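Chains, contacts and geometry: an overview
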Amino acid sequence: MISDTIASCSEDSKVKIWRRDQGSDAWACKVEFSIGVPAWKVSWSAVGNMLAVSGGDNVVQIYKEAANGEFEVVSKVND
């Protein structure tokens, strides 16, 4: 089964990972987590296995999907 994945973020500090099943064309939020500050931007790595999240504290957090499907911080970058 093929699916598409996107990430979204919001000022309420939430990051959501959405997946679309191409068979049904329905989108669903599969993972939601908070970064603790307003989230301004999300960006997938070129191969799509890591997610960069920038927030209102001027820190970029790098997340990677764990075997259990949850996203965990693997790195933080300050100015």
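Please refer to the structure higher up on the page.
What comes next is a walk through the structure. (Residues numbered from 1 in each chain as written. Predicted model: local features only at pLDDT ≥ 70, side-chain atom pairs only at ≥ 80, totals over all residues. Heavy atoms only, no water.)

Regarding the overall build of the chain
In terms of regular secondary structure, the chain is built from zero helices and seven strands. When the elements of the chain are put in sequence order from the N terminus, they spell out β-β-β-β-β-β-β. The C-alpha atoms of the chain give a radius of gyration of 13 Å, which matches the 12 Å a tight globule of 79 residues would have. Viewed in the frame of its principal axes, the chain has a C-alpha envelope of about 40 × 25 × 20 Å. (Helix = DSSP H or I, 4+ residues; strand = E, 2+ residues; numbered from the N terminus. Rg over C-alpha atoms; globule rule 2.2 N^0.38 Å.)

Details of the environment of Ser43
Turning to its location among the elements, Ser43 is positioned in strand β4 (residues 39–44). Residue classification places Ser43 among the partly exposed residues on the basis of a relative accessible area of 40%. With 26 residues separating them along the chain, Ser43 and Gly69 place their C-alpha atoms 18 Å apart. For Ser43, the contacting residues outside a window of four places in its chain are Met50, Leu51 and Ala52. (Buried < 20%, exposed > 50% of the residue type's maximum accessible area, 1.4 Å probe, protein only. Contact = heavy atoms within 4.5 Å.)

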